[in-house]
Amino acid sequence: MDYELNIVHLYPDLLNLYGDKGNIECLRKRLLWRGIGANLEKCTNENNYIDFKNTDIIFVGGGSDREQEIVCNRLLEKKTELTAFVENGGTLIAVCGGYQLLGKYYQTPDSKIEGLGILDIYTDSIKGDKRLIGNVVIENETAGKIVGFENHGGRTEIGSHSPLGRVISGFGNNGKSGYEGVVYKNLIGTYLHGPLLPKNPKLCDMILLRALKHKYPDFHLLSPLDDTLENTANEYIVKTFANQSDK
Ligand code: GLN
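Residues numbered from 1 in each chain as written. Predicted model: local features only at pLDDT ≥ 70, side-chain atom pairs only at ≥ 80, totals over all residues. Heavy atoms only, no water.

(A) Spotlight on the packing of aromatic side chains. Enumeration according to the criterion identifies six aromatic pairs in this entry. The interplanar angle of 75 degrees and the centroid separation of 4.8 Å between the aromatic rings of Tyr3 and Tyr216 together place this pair among those described as edge-to-face. Placement of the pair is Tyr3 in the segment before strand S1 (4–10) and Tyr216 in the loop between helix H6 (201–215) and helix H7 (228–246), with a sequence separation of 213 residues. When its relative accessible area of 22% is taken as the criterion, Tyr3 is described as partly exposed. The class of Tyr216 is buried, set by a relative accessible area of 16%. Here the aromatic rings of Tyr18 and Phe149 are separated by 5.6 Å at their centres, their planes lie at 85 degrees, and the arrangement is edge-to-face. Highlighted residues: Tyr18 in the loop between S1 and helix H1 (22–32) and Phe149 in strand S9 (residues 144–152), separated in sequence by 131 residues. (Phe/Tyr/Trp six-rings, centres within 6.5 Å; stacked < 30°, edge-to-face > 60°. Helix = DSSP H or I, 4+ residues; strand = E, 2+ residues; numbered from the N terminus. Buried < 20%, exposed > 50% of the residue type's maximum accessible area, 1.4 Å probe, protein only.)

Structural data, given as structure tokens:
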């Protein structure tokens with residue numbers, strides 16, 4: 001194969017709420033279907049190793065505060081390398097709990113979890129505040145309408161960073177700003193849980209294209225795939241929830 005990407009799934013043993021793992025399968029399959037190699041490694045609590053030099057895409061999912069704290073402590077050991085990976089244009093996709101821990105801190109109702117500080121963002125979860133739960137539709141310039149599901153107690157402030165999208169329906173980063181997620185270089189942080197990429201093939205291809213161009217500057221175009229089913233499902237969800245928020 002002329003091209004290949006190495007994908008690392010961070011702590012699937014601890015952070016894998018609502019099947020975040022489906023995103024890994026989607027990344028792999030959409031490469032393989034195009035004749036592009038896709039290798040997968042897992043970094044777990046027990047086997048806590050990442051070969052950063054040979055890694056193109058890192059994915060981290062979400063989970064409970066307890067598991068999030070364990071992961072955060074493990075990742076703090078790799079803070080320098082992970083920061084360099086992002087600064088040098090490596091692709092990092094972080095969902096919910098994984099997204100929160102890239103910031104300066106995550107204040108839970110009971111304790112303050114120190115974050116990795118890769119992003120200039122922070123998250124507060126105040127006792128008594130309701131959790132932000134439900135279906136979400138957001139709009140991103142390149143990927144169009146992105147659909148997903150969110151469930152978080154934390155409210156995230158992204159400061160001067162760019163969001164992943166404008167909220168059409170749902171809560172997003174904090175239920176107030178009207179924005180969801182964050183994009184910094186080739187890092188995407190988002191509250192959209194579960195099989196985000198299978199539900200949003202355009203977003204998946206946007207991520208793959210960026211990662212391929214970063215590794216192979218001569219790489220131009222991903223060949224098209226038949227996404228009729230995925231797009232029909234996506235449009236149905238957009239119609240259902242975006243219209244609901246108009247009422
Ligand atoms: N524990 C975090 C919160 O409740 C993230 C939850 C999650 O990953 N779903 O805000």
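(B) Broad picture of the nonpolar core. Counting 65 residues, the largest nonpolar core has Leu10, Leu27, Leu102 and Leu203 as the members making the most contacts within it. Those residues within four positions of Leu102 in sequence are excluded, and the remaining contacts are Leu92, Ala94, Leu116, Gly117, Ile118, Leu119 and Leu187. (Core = buried A, V, L, I, M, F, W, Y, C linked by side-chain atoms within 4.5 Å. Contact = heavy atoms within 4.5 Å.)

(C) Broad picture of the environment of Trp33. Its place among the elements puts Trp33 in the loop between H1 and strand S2 (37–43). The exposure class assigned to Trp33 is exposed, which follows from its relative accessible area of 55%. For the pair formed by Trp33 and Leu225, sequence separation is 192 residues and the distance between their alpha carbons is 8.1 Å.

(D) Summary view of the site of the ligand. Inspection of the region around the ligand gives 16 residues, with Asp65, Cys96, Arg131, Gly154 and His193 positioned closest. A distance of 2.9 Å separates an oxygen atom of the ligand from a polar atom in the backbone of Gly63. In the environment of the ligand, an oxygen atom lies 3.0 Å from a nitrogen or oxygen atom belonging to the side chain of Gln100. For the ligand, whose free accessible area comes to 300 Å², the fraction covered by protein is 97%. Taken together, the elements giving at least two residues each to the shell around the ligand come down to helix H2 (65–76), helix H4 (97–100) and S9. For the shell around the ligand, the per-class residue count stands at three nonpolar, 11 polar and two charged. (Near = heavy atom within 4 Å. Polar contact = N/O pair within 3.5 Å; in protein donor to acceptor, adjacent residues only side chain to side chain. Areas by Shrake-Rupley, 256 points an atom, 1.4 Å probe, with all protein chains shown as cover. Nonpolar A, V, L, I, M, F, W, Y, C, P; charged D, E, K, R; others polar.)

(E) Here's a closer look at the layout of surface pockets. Here the largest pocket is characterised by a volume of approximately 220 Å³. Elements with a minimum of two residues in the lining of the largest pocket: helix H3 (79–87) and H6. (1 Å grid on protein atoms, 1.4 Å probe; cavity = no way out; pocket = protein on both sides within 12 Å on 5 of 7 lines; lining within 4 Å. Points joined across faces, edges and corners; volume = space filled by probe spheres on them.)

(F) How the structure looks around unusual backbone geometry. Within the chain, Tyr11 stands out as a residue other than glycine whose phi angle is a positive 50 degrees. Structurally, the position occupied by Tyr11 is in the loop between S1 and H1. Look at Tyr11 and you get buried, because its relative accessible area is 0%.

(G) Quick peek at the pattern of salt bridges. Taken as a whole and assessed by the stated rule, the structure comprises 11 salt bridges. A cluster of three or more residues bridged by salt bridges with shared partners is formed by Arg30, Arg34, Asp205 and Asp227. (Salt bridge = Lys/Arg side-chain N within 4 Å of Asp/Glu carboxyl O.)

(H) Highlighting the environment of Gly35. Along the chain, the position of Gly35 falls in the loop between H1 and S2. With a relative accessible area of 42%, Gly35 lands in the partly exposed category. Sequence separation between Gly35 and Ser223 is 188 residues, and the spatial gap between their C-alpha atoms is 9.7 Å.

(I) Focus on empty space enclosed by the protein. Under the criterion given, the structure shown has one cavity of 30 Å³ or more. Estimates place the volume of the largest cavity at around 40 Å³. Every residue along the wall of the largest cavity is listed here: Thr91, Asn186, Ile188, Ile207 and Arg210. Of the residues contributing to the lining of the largest cavity, the split by class is two nonpolar, two polar and one charged.

(J) View of the sheet that holds S1. One open sheet accounts for six strands, arranged S2-S1-S3-S4-S14-S13; its pairing is mixed. Sheet topology places S2 and strand S13 (182–184) at the edges, where each strand pairs with a single neighbour. Taking each pair of neighbouring strands and ignoring which way they run, the sheet shows an average axis angle of 15 degrees. Relative to strand S4 (residues 91–95), strand S3 (residues 57–60) runs parallel, the two sharing four bridges. Residue pairing for S4: Phe59 is matched across the bridge by Ile93. H6 contacts S1, S3, S4, S13 and strand S14 (187–190) of the sheet and is inclined by roughly 120 degrees relative to S1. (Pairing = 2+ DSSP bridges. Axes fitted to C-alpha atoms, helices over the stretch in contact; angles between N-to-C directions.)

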